[in-house]
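Breakdown of the fold
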Amino acid sequence: MDKKELVNEAIKASEFAHVPYSNFHVGAAMLLKDGRIFTGANMESSSYGLTICAERNCIFGAYARGVKKGDIIAFAVVADTSTPVSPCGACRQIIAEYLNKDVPIYLANFKGEIVEYKIEELIPYYFDGSELK
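About the criteria used
Residues numbered from 1 in each chain as written. Predicted model: local features only at pLDDT ≥ 70, side-chain atom pairs only at ≥ 80, totals over all residues. Heavy atoms only, no water. Helix = DSSP H or I, 4+ residues; strand = E, 2+ residues; numbered from the N terminus. Rg over C-alpha atoms; globule rule 2.2 N^0.38 Å. Buried < 20%, exposed > 50% of the residue type's maximum accessible area, 1.4 Å probe, protein only. Areas by Shrake-Rupley, 256 points an atom, 1.4 Å probe, with all protein chains shown as cover. Lys, Arg positive; Asp, Glu negative; His and termini not counted. Charge placed at Lys NZ, Arg CZ, Asp CG, Glu CD. Core = buried A, V, L, I, M, F, W, Y, C linked by side-chain atoms within 4.5 Å. Pairing = 2+ DSSP bridges. Axes fitted to C-alpha atoms, helices over the stretch in contact; angles between N-to-C directions. Contact = heavy atoms within 4.5 Å. 1 Å grid on protein atoms, 1.4 Å probe; cavity = no way out; pocket = protein on both sides within 12 Å on 5 of 7 lines; lining within 4 Å. Points joined across faces, edges and corners; volume = space filled by probe spheres on them. Nonpolar A, V, L, I, M, F, W, Y, C, P; charged D, E, K, R; others polar. Phe/Tyr/Trp six-rings, centres within 6.5 Å; stacked < 30°, edge-to-face > 60°.

Quick look at the overall build of the protein chain
Helices and strands together make up the secondary structure of the protein chain, namely 4 helices and 5 strands. The helix and strand sequence of the protein chain, counted from the amino end, reads α-β-β-α-β-α-β-β-α. A globule of 133 residues ought to have a C-alpha radius of gyration of about 14 Å, and the protein chain, at 14 Å, matches this closely. For the protein chain, the spread of C-alpha atoms along the three principal axes comes to 40 × 35 × 30 Å. Counting the 133 residues in the protein chain, one finds 43% classified as buried. Of the roughly 7200 Å² of accessible surface on the protein chain, a fraction of 52% belongs to carbon and sulfur atoms. Positive and negative side-chain charges in the protein chain, numbering 14 and 17 respectively, have mean positions lying 3 Å apart.

Structure below.
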């Protein structure tokens, strides 16, 4: 599966976003070594702090079904933005913790623009939890 196909899966996922307040549809998709794809969409709550982004929805949903860090080989995020969408800080932290450092992260928009990053480019010096041990 190439990056355009993975982004298309994220676009499909964005159609399931529950965004009655912002109307800002975001989708995420991750590709696993075995070919499976997990997706997520953003879900808003009137109590804004309870809202969950598409990226965390995707990652947590996959992990809740037995996915492990080493299973993930690519990750994509997409929204209807003028340039490729970028994850918020909270999502960058979760991506840093739950995906290996070498996993390509594709940021895209509905116009088909795609840029590729590694997590250390998106959140250098992230907190990795090693200080907690």
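Digging into the nonpolar core
Generally speaking, soluble globular proteins have nonpolar side chains that are buried together. Counting 26 residues, the largest nonpolar core has Met-30 and Phe-75 as its most contacted members. Those elements that place two or more of their residues in this core are β1 (26-32), α2 (54-64), β3 (72-79), α3 (89-98), β4 (105-109) and α4 (119-122). Leu-6, Ala-10, Ala-29 and Leu-31 belong to the second largest nonpolar core, which has 10 residues in total.

Section: the sheet that holds β4
One open sheet accounts for 5 strands, arranged β2-β1-β3-β4-β5; its pairing is mixed. Unpaired on one side and paired on the other, β2 (37-41) and β5 (114-117) mark the two borders of the sheet. Between one strand axis and the next, the sheet turns by 20° as a mean value, whatever way the strands run. Examined bridge by bridge, β4 and β5 share 4 bridges and lie antiparallel to one another. Within β5, the position partnered with Tyr-106 by the bridge is Glu-116. Sitting on the sheet, helix α1 (residues 3-14) touches β1, β2, β3, β4 and β5, and the angle it makes with β1 is about 135°. Along the sheet, α2 contacts β1, β2 and β3; its crossing angle with β1, the most-contacted strand, is approximately 35°.

Examining the pairing of β2
Of the strand pairs in this sheet, β1 and β2 are connected by 5 bridges, and their pairing is antiparallel. Across the sheet, residue Ala-28 finds its bridge partner in β2, namely Gly-40. Between the end of β1 and the start of β2, which pair antiparallel, lie 4 residues, with Gly-35 showing a positive phi angle near 95°.

Quick word on the layout of surface pockets
Of the volumes computed, that of the largest pocket is approximately 180 Å³. In terms of lining residues, the largest pocket is bounded by 14 residues, among which Phe-24, Val-26, Asn-42, Cys-53 and Glu-55 are the most central. Considering only residue class, the lining of the largest pocket consists of 8 nonpolar, 4 polar and 2 charged.

Structural notes on the environment of Phe-24
In this structure, Phe-24 sits in the loop between α1 and β1. In the structure, Phe-24 is positioned 55 residues away from Ala-79 in sequence and 7.4 Å away in space, judged by C-alpha atoms. Once residues lying within four places of it in the same chain are set aside, the contact partners of Phe-24 are Val-19, Asn-42, Ala-79, Thr-81 and Val-85.

Description of the packing of aromatic side chains
Tallied over the full model, the rule gives 3 aromatic pairs. Seen from their ring centres, Tyr-21 and Tyr-48 are 6.0 Å apart, and the 85° between their planes marks the pair as edge-to-face. Within this pair, whereas Tyr-21 is found in the loop between α1 and β1, its partner Tyr-48 is found in the loop between β2 and α2, the two being separated by 27 residues in sequence. Tyr-21 gets classed as partly exposed once you look at its relative accessible area, which sits at 46%. Classification of Tyr-48 as exposed rests on a relative accessible area of 59%. Joined through ring pairs, the aromatic side chains of Phe-60, Tyr-63 and Tyr-98 make up one cluster.

Worth remembering: the numbers are spatial, not functional.
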